[in-house]
Amino acid sequence: MTTNKHREPEPEEGERLMNYGKEKIGIYRTYASPLENVRTIPESSFDGRDNTLLGLDVRVRLEGDKFFKNFKEADNTDLVATDTMKNFVQYQLGEYDGATVEGFLDFTGREFLDQYPQIEAIQLSADQIPFDELDVPTDDGDFEPSDLVFRVSQNESGFGEVYLTRGDDGPQIEEQNSGITDMQLVKVKGSSFTDYVQDEHTTLPEREDRTLYISMDVFWTYEDPEDCLGEEPQRYVAPEQVRDITHVMFDEIYSQSIQDLIYQVGLRVLERFPQLESVNFEANNQTWIAVREEIDGDEDVRVLREPARPTGYQQFSMDRDDLEEQ
Ligand SMILES: O=c1[nH]c(=O)c2[nH]c(=O)[nH]c2[nH]1
């Protein structure tokens, strides 16, 4: 399945596909700059992050006509070894003094373009490697997050991507994509799925109420790509905020389908963040199968089991026109 994650710049008509790079560059930075002064929204308590421990899984993708001879003529002149790219990215994480994934990618991309004139365009992407805060007791009997110890997390993670080209006034962000990936959410009751096509191939029973388990990625683009950098924190959209909107909407609405839930989340994200141009979704249905639909006459009490493969998925994109139609 194609995904909404990497915005693969299409070769122009008559042009070939040609790029190369390095992926799965895992890097960690302690005491990066904190993210502060983000605009808060009603769905989320998120108002910033310390960035005491920042983990990234980075992908680099270079483009440039000078690299053609590397393929065609076995001539490695101008070829930047992908191993060098890895070292370059790792070094720059120590140089970056901002607070966002996208800001780091933009900073590193500009350094690449500066160092290697043969690069015409560069795409940099990163998944944030998530860590959770852990509460420790304070002297007055409360609990607060430890400054030092973090839990390695299997939970959702932030995503960023920038595509930089050389403009008349120097490097420019031609495209960007930001996101939160791998949210895994279960709603125990309060979701239905009915009224779909019934024919000789349909075996799925209609459900007025089901225990719904979804995994979801949400991506967004800004009207002004520069806003993704977080240099003006009030215009930055933190992945944590979109994560929180998603689970708040899941909690709030009695969805008729995953499609319905996606649409409601998209509207809310566009409403809260007028600086965004589009919101893009990718969802997977992981809903468990009920083996006991009610226990002692109580329909809320169920026993469920893992679903068999295959799994359903939904992809959907929305922009400001969807909000205006409301
Ligand atoms: O929310 C859902 N959307 C579907 O398109 C679908 N198809 C299916 O079998 N179950 C579900 N659930």
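It should be noted that the structure appears before, not after, this text.
Residues numbered from 1 in each chain as written. Predicted model: local features only at pLDDT ≥ 70, side-chain atom pairs only at ≥ 80, totals over all residues. Heavy atoms only, no water.

### Considerations on the sheet that holds strand β12 (residues 312–319)
Stage number 1. Taken in spatial order, the eight strands line up as β1-β2-β3-β6-β7-β8-β9-β12 in an open sheet, and their pairing is antiparallel. The sheet is open, and its two edges are formed by β1 (20–30) and β12, each paired on a single side. Averaged over all neighbouring strand pairs, the angle between strand axes comes to 15°, with direction disregarded.
Stage number 2. As paired strands, strand β2 (residues 53–63) and strand β3 (residues 121–129) are joined by nine bridges and run antiparallel to one another. The partner of R59 across the bridge, within β3, is S125.
Stage number 3. Contacts between helix α2 (residues 82–95) and the sheet are confined to β1, β2 and β3, with β1 contributing the most and set at about 25° to the helix. (Pairing = 2+ DSSP bridges. Helix = DSSP H or I, 4+ residues; strand = E, 2+ residues; numbered from the N terminus. Axes fitted to C-alpha atoms, helices over the stretch in contact; angles between N-to-C directions. Contact = heavy atoms within 4.5 Å.)

### Examining the packing of aromatic side chains
Here the distance between the centres and the angle between the planes together describe a pair of aromatic rings.
Stage number 1. Summed over the entire model, instances satisfying the criterion amount to eleven aromatic pairs.
Stage number 2. Seen in terms of ring centroids, F112 and Y116 are 6.1 Å apart; in terms of plane orientation they differ by 40°. Their pairing is tilted.
Stage number 3. The exposure class of F112 is buried, given its relative accessible area of 0%.
Stage number 4. Ring centres 5.7 Å apart and planes at 90° place the aromatic pair F159 and F219 in the edge-to-face group. (Phe/Tyr/Trp six-rings, centres within 6.5 Å; stacked < 30°, edge-to-face > 60°. Buried < 20%, exposed > 50% of the residue type's maximum accessible area, 1.4 Å probe, protein only.)

### Regarding the packing of helix α4 (residues 239–252) against helix α5 (residues 258–272)
Think of two packed helices as two axes; the pair is described by the angle between the axes and how far apart they sit.
Stage number 1. Close contact between α4 and α5 brings their axes to 9 Å; oriented N to C, the two are set at 130°. When the axes of α4 and α5 are compared, the pair comes out oblique. Our pair here, α4 against α5, has a crossing hand that is right-handed. Facing V242, I245, T246, M249, F250 and E252 of α4, the residues of α5 in contact are L261, Q264, V265, R268, V269 and R272. (Parallel < 35°, antiparallel > 145°, perpendicular 65-115°, else oblique. Left-handed = near helix turned anticlockwise from the far one by under 90°.)

### Re the site of the ligand
Stage number 1. As a matter of local geometry, the ligand sits amid F193, L204, R210, S257, I258, Q259, N285 and Q314.
Stage number 2. I258 is positioned such that a nitrogen or oxygen atom in its backbone is 2.7 Å from an oxygen atom of the ligand.
Stage number 3. Within the contact set of the ligand, a nitrogen atom lies 2.9 Å away from a side-chain nitrogen or oxygen of Q259.
Stage number 4. Isolated, the ligand exposes 290 Å² of accessible area, and the fraction of that covered by the protein chains is 68%. (Near = heavy atom within 4 Å. Polar contact = N/O pair within 3.5 Å; in protein donor to acceptor, adjacent residues only side chain to side chain. Areas by Shrake-Rupley, 256 points an atom, 1.4 Å probe, with all protein chains shown as cover.)

### Quick look at the side chain of N70
Stage number 1. Of note, N70 is situated in helix α1 (residues 68–72).
Stage number 2. N70 sits in the buried class, given a relative accessible area of 14%.
Stage number 3. Within polar-contact distance, the side chain of N70 engages the backbone oxygen of D75 at 2.7 Å.
Stage number 4. Discounting chain neighbours no more than four positions away, the residues touching N70 are D75, N76, T77 and L79.

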